Amino acid sequence: MIEVDSSGNLANSERALNTVYKNTTGYPIMVIALVFLTANTTMTAFSDSSVNPTTQVYASIVANATGSNAINIFFVLPGNYYKITCSTSLGLWREFICQNGTMTD
């Protein structure tokens, strides 16, 4: 288990697909992941309070897009765990703490 650093905006490209992370910042975070597309790429994000999250919060299936990239965005509530599964490789992963405003479900 790897936990999210709680210092300011997180800019972490050291994340790995199929690995569970935890939001310990005390704020919601926005996760932005860029994946490299190949034929029939599938990408799914999961997030909930379980150590092995099963609640799907994002999913995409892209056919015939070889050589392109897809940007995927989802939010993680404070204290929740999250992970991304993907049938191709990860290009970039960024996280930003949402410290202003409100977030409702």
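A brief report on the enclosed structure follows. What you are looking at is a predicted structure, and each value in this text was computed from that prediction instead of being measured.

## A closer look at the environment of Gly26
Alright, step 1. Tracing the chain through its elements places Gly26 in the loop between β2 (21–22) and β3 (29–36).
Alright, step 2. Note: C-alpha distance between Gly26 and Pro78 (52 residues apart in sequence) is 5.1 Å.

## Structural notes on the packing of aromatic side chains
Alright, step 1. Enumeration according to the criterion identifies 2 aromatic pairs in this entry.
Alright, step 2. For the ring pair Tyr21 and Tyr82, a centre distance of 6.0 Å and an interplane angle of 40° mean the geometry is tilted. Here the residue Tyr21 occupies a position in strand β2, and Tyr82 occupies one in strand β7 (residues 81–86), the gap between them amounting to 61 residues.
Alright, step 3. Overall, Tyr82 belongs to the buried group, its relative accessible area being 0%.
Alright, step 4. When the ring of Tyr21 is compared with that of Trp93, the centres are 5.6 Å apart and the planes differ by 70°; the resulting orientation is edge-to-face. Of this pair, Tyr21 sits in strand β2 while Trp93 is found in strand β8 (residues 90–97), placing the two residues 72 residues apart along the sequence.
Alright, step 5. An aromatic cluster is defined as three or more aromatic residues linked by ring pairs; in this entry it consists of Tyr21, Tyr82 and Trp93.
Alright, step 6. Between the NZ or CZ atom of Lys83 and the centre of the ring of Phe46, over which it lies, the distance is 5.7 Å.

What counts and how
- Residues numbered from 1 in each chain as written.
- Predicted model: local features only at pLDDT ≥ 70, side-chain atom pairs only at ≥ 80, totals over all residues.
- Heavy atoms only, no water.
- Helix = DSSP H or I, 4+ residues; strand = E, 2+ residues; numbered from the N terminus.
- Phe/Tyr/Trp six-rings, centres within 6.5 Å; stacked < 30°, edge-to-face > 60°.
- Buried < 20%, exposed > 50% of the residue type's maximum accessible area, 1.4 Å probe, protein only.
- Lys NZ or Arg CZ within 6 Å of the ring centre and 35° of its normal.

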